[in-house]
Amino acid sequence: MKDFLLEIFTWWRGNTWGTRLWVALHGIYVGSDEAGNRYYRSKKPQGPNGRERRMIIFAGPAEATAIPPGWHGWMHYRDDVPPSEASYTPRAWEKPHQPNLSGTALAYRPDGSLLAKGERPRVSADYDAWSPE
């Protein structure tokens with residue numbers, strides 16, 4: 001029962017029932033990526049600009065950085081044709097997905113950070129407090 005209520009009211013754990021209901025009523029399946037995320041577009045144009053609404057149902061936790069480059073371009077209206085309908089080849093400078101590790105034990109912590117071991121190395125531009133003579 002707890003998981004059912006969490007799925008209804010918490011968006012940060014994944015997709016809510018409201019999202020799934022909206023997609024079932026108003027969405028058209030467009031394709032999926034290698035991570036299992038499913039992409040949809042609205043059946044008819046909506047909003048003040050008259051564009052279709054584009055949605056994603058994440059396979060795991062809702063993490064926007066997990067969208068591959070080709071689908072990211074389609075989601076942000078840079079491409080009119082989704083990668084499932086056109087052949088997409090990533091450019092040489094496009095890197096594969098790396099999860100956002102902020103807030104985890106694997107997050108980057110530079111020297112001198114409160115959570116890192118050791119002390120920050122002293123540099124020439126460090127602040128020296130004023131003291132009266």
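Scope of this entry: the structure provided in the associated data block.

Thresholds applied
Residues numbered from 1 in each chain as written. Predicted model: local features only at pLDDT ≥ 70, side-chain atom pairs only at ≥ 80, totals over all residues. Heavy atoms only, no water. Helix = DSSP H or I, 4+ residues; strand = E, 2+ residues; numbered from the N terminus. Areas by Shrake-Rupley, 256 points an atom, 1.4 Å probe, with all protein chains shown as cover. Lys, Arg positive; Asp, Glu negative; His and termini not counted. Charge placed at Lys NZ, Arg CZ, Asp CG, Glu CD. Buried < 20%, exposed > 50% of the residue type's maximum accessible area, 1.4 Å probe, protein only. Phe/Tyr/Trp six-rings, centres within 6.5 Å; stacked < 30°, edge-to-face > 60°. Lys NZ or Arg CZ within 6 Å of the ring centre and 35° of its normal. Polar contact = N/O pair within 3.5 Å; in protein donor to acceptor, adjacent residues only side chain to side chain. Contact = heavy atoms within 4.5 Å. Core = buried A, V, L, I, M, F, W, Y, C linked by side-chain atoms within 4.5 Å. 1 Å grid on protein atoms, 1.4 Å probe; cavity = no way out; pocket = protein on both sides within 12 Å on 5 of 7 lines; lining within 4 Å. Points joined across faces, edges and corners; volume = space filled by probe spheres on them. Pairing = 2+ DSSP bridges. Axes fitted to C-alpha atoms, helices over the stretch in contact; angles between N-to-C directions.

**Side note on the overall build of the protein chain**
Right, on to step 1. Of regular secondary structure, the protein chain possesses three helices and three strands.
Right, on to step 2. The N-to-C order of helical and strand elements in the protein chain reads α-α-β-β-β-α.
Right, on to step 3. Expressed along its principal axes, the backbone C-alpha trace of the protein chain runs to roughly 75 × 45 × 30 Å.
Right, on to step 4. Accessible surface for the protein chain amounts to roughly 10600 Å². Of this, 57% is attributable to carbon and sulfur atoms.
Right, on to step 5. Seen as two clouds, the 17 positive and the 15 negative side-chain charges of the protein chain have centres 9 Å apart.

**Here we look at unusual backbone geometry**
Right, on to step 1. Despite not being glycine, Tyr77 has its phi angle at roughly 60°, a positive value.
Right, on to step 2. Relative to the helices and strands, Tyr77 resides in the segment after helix 3 (69-75).
Right, on to step 3. Classification of Tyr77 as partly exposed rests on a relative accessible area of 27%.

**Side note on the packing of aromatic side chains**
Right, on to step 1. Scanning all chains against the criterion turns up three aromatic pairs.
Right, on to step 2. When the centroid spacing of 5.6 Å and the interplanar angle of 70° are considered together, the rings of Tyr29 and Tyr40 count as edge-to-face. Highlighted residues: Tyr29 in strand 1 (residues 27-32) and Tyr40 in strand 2 (residues 38-42), separated in sequence by 11 residues.
Right, on to step 3. Considering the side-chain rings of Trp71 and Trp74, the 5.7 Å spacing of their centres and the 90° angle between planes classify their relative orientation as edge-to-face. Of the two residues, Trp71 and Trp74 both sit in helix 3, three residues apart, roughly one turn of that helix. The exposure classification of Trp71 matches that of Trp74, with both residues buried.
Right, on to step 4. Grouping aromatic residues by their ring pairs yields a cluster made of Tyr39, Trp71 and Trp74.
Right, on to step 5. One Lys or Arg, Arg51, reaches over the ring of Tyr77 and ends 3.9 Å from the middle of that ring.
Right, on to step 6. Over the aromatic face of Trp22 sits the side chain of Arg53, whose NZ or CZ is 4.5 Å from the ring centroid.

**Side note on the side chain of Arg41**
Right, on to step 1. Within the fold, Arg41 resides in strand 2.
Right, on to step 2. On the basis of relative accessible area, Arg41 is assigned to the buried category, the value being 18%.
Right, on to step 3. Side chain to side chain, Arg41 and Glu85 meet in a polar contact 3.3 Å long.
Right, on to step 4. If we ignore the near neighbours within four places in the chain, the residues touching Arg41 are His26, Gly27, Ile28, Val30, Glu52, Arg53, Arg54, Met55, Trp74, Pro82 and Glu85.

**What about the nonpolar core?**
The nonpolar side chains of a soluble globular protein tend to be buried, and buried together.
Right, on to step 1. The biggest cluster of nonpolar side chains holds eight residues, and these are Val30, Tyr39, Ile56, Phe58, Ile67, Trp71, Trp74 and Met75.
Right, on to step 2. The element best represented in this core is helix 3, accounting for three residues.

**Quick look at the layout of surface pockets**
Right, on to step 1. Each pocket or cavity is described by its volume, and for the largest pocket that value is around 530 Å³.
Right, on to step 2. What lines the largest pocket is a set of 27 residues, and nearest its centre among them are Ile67, Pro68, Pro69, Gly70 and His72.

**A look at the sheet that holds strand 3 (residues 54-57)**
Right, on to step 1. With respect to topology, three strands assemble into an open sheet ordered 1-2-3, the strand pairing being antiparallel. Edge positions in the open sheet fall to strand 1 and strand 3, since each of these has one partner strand only. Within this sheet the neighbouring strands show an average axis-to-axis angle of 30°, counted without direction.
Right, on to step 2. Relative to strand 3, strand 2 is paired through four bridges, and the arrangement is antiparallel. Pairing of Tyr39 across the sheet is with Ile56, part of strand 3.
Right, on to step 3. Taken strand by strand, helix 2 (residues 17-26) contacts strand 1, strand 2 and strand 3, and its axis lies near 105° from that of strand 1.

Structural measurements only, silent on function.
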